[in-house]
Amino acid sequence: MRDLKGHKKRRIKGNRRIGSKKKRDWKGIFHRSLRLLLFSCSTVLILSGATLAAQILFESGYFGVEQVKILNLKRLEADEIIAESNISSGDNIFRLDLEAIGRKIEENPWVAKAEVGRVFPREIVIRITEREARAIINLGYLYYVDGNAEIFKVLAADDRLDYPVITGIERSYLLDFPENGKKLLQEAMAIIDRLAERTTFTLDQVSEVHVDRENGVILTTYRSGVPVQLGFRQYDRKLDRLERIYPELEPKLPMLKGIDLNVSDRVIVKIDQKFTSGKG
């Protein structure tokens, strides 16, 4: 019984020690809270002041457009691009929708791409990628074709005509079978690219590139309008064969009815009958 009573007393005594409370440091809590409040108020004031200052600067005209710089122009005029951009002197550069301006400029058929950027504090820079006409295609109306086989502009009265003309691709075929039509157009442009790199039978000596879905590619010489049948594929080999004899063949073009390069390792020259029949 004594042991039990003693144990009980010690446990009660221990519980009293655990249950005792520490005094709160109200003074420290007050100082920490005060510092936090002051920091929060200072932050709010700084942000509000910065926002107000930015708004005043934003509305002051400091960021008003003073210059629009147009880069990479070749054919087009800077004044034309500025007019199409609808950017006016004094416009706030932050309020301009640069992507919309670029899309508006790209409505010009000669513009392949327009990149618009800001140069602080008062300048707009527009980088232009112009299209380059490489050929003309006859689709009822005459259109320019660029190096990527893109049809991009109907010809006006003052547009240049000294480009090879692509024929054989009908407007209806391009509309009904756009992928196949694009492939034919790319085929014609590939031939034009090859001719542009040649030194003997060159692009300047070709007036027409005819693309036939059954017979392949047929070129027409600028002089005398002689058809040169290339057919399908192996264009470089065929043109190599033609170039080997072309210096001798060129003076005789008015007498020729056609040149066929489809037979392997040969150049078949067809002479107009009126030059083979006897005189008299």
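As the structure is a prediction and not an experimental result, all values here were calculated from the model.

Calculation notes
- Residues numbered from 1 in each chain as written.
- Predicted model: local features only at pLDDT ≥ 70, side-chain atom pairs only at ≥ 80, totals over all residues.
- Heavy atoms only, no water.
- Pairing = 2+ DSSP bridges.
- Helix = DSSP H or I, 4+ residues; strand = E, 2+ residues; numbered from the N terminus.
- Axes fitted to C-alpha atoms, helices over the stretch in contact; angles between N-to-C directions.
- Buried < 20%, exposed > 50% of the residue type's maximum accessible area, 1.4 Å probe, protein only.
- Salt bridge = Lys/Arg side-chain N within 4 Å of Asp/Glu carboxyl O.
- Arc of directions from axis to C-beta.
- Contact = heavy atoms within 4.5 Å.
- Core = buried A, V, L, I, M, F, W, Y, C linked by side-chain atoms within 4.5 Å.

1. Quick notes on the sheet that holds strand β3 (residues 123-130)
Ordered in space as β1-β3-β2, the three strands form an open sheet in which the pairing is mixed. Looking along the sheet, the strands with just one partner apiece sit at the ends: β1 (67-71) and β2 (111-119). Taken pair by pair, the neighbouring strands of this sheet meet at an average axis angle of 20°, ignoring direction. As defined by bridge partners, β2 adjoins β3 across eight bridges and the pair is classed as antiparallel. Considered in β3, the bridge of Gly117 is made with Val125.

2. Here we look at the pairing of strand β4 (residues 133-139)
When you tally the buried positions in β4, you get five out of seven residues, the bulk of the element. One ladder, built from six bridges, connects β4 with strand β5 (residues 141-146); its direction is antiparallel. Each residue of the ladder has a partner; that of Ala133, found in β5, is Asp146. In textbook terms, the turn of a hairpin is the stretch between consecutive antiparallel strands, and for β4 and β5 this stretch comprises one residue, one of which, Gly140, has a positive phi near 90°. Sheet topology places β4 next to strand β7 (residues 165-167); two bridges connect them, and they run parallel. Across the sheet, Ile136 pairs through a bridge with Val165, a residue of β7.

3. Quick notes on the pattern of salt bridges
Scanning all chains against the criterion turns up 14 salt bridges. Put simply, Asp159 and Lys153 hold a salt bridge, and the shortest N to O gap is 2.6 Å. Asp159 sits in the buried class, given a relative accessible area of 10%. Residues Arg160 and Asp162 are paired through a salt bridge, measuring 2.9 Å at the closest nitrogen-oxygen approach.

4. Side note on helix α4 (residues 98-105)
Looking at α4, one finds that the buried residues are Leu98, Ile101, Gly102 and Ile105. Buried residues of α4 fall within an arc of 100° about the axis and therefore sit on the same side. On its buried face, α4 sits against α3 (78-85), β2 and β3.

5. Details of the nonpolar core
Membership of the largest hydrophobic core comes to 36 residues, with the highest contact counts inside it found for Ile166, Phe201 and Leu219. Considering each element in turn, this core owes the most residues, seven residues, to helix α6 (residues 178-196). When sequence neighbours within four positions are dropped, the list of residues in contact with Phe201 reads Leu195, Val206, Leu219, Thr221, Val228, Leu239, Leu242, Glu243 and Tyr246. Core analysis: the next-biggest nonpolar cluster, separate from the first, contains 25 residues, Ile93, Val116, Tyr144 and Tyr163 among them.

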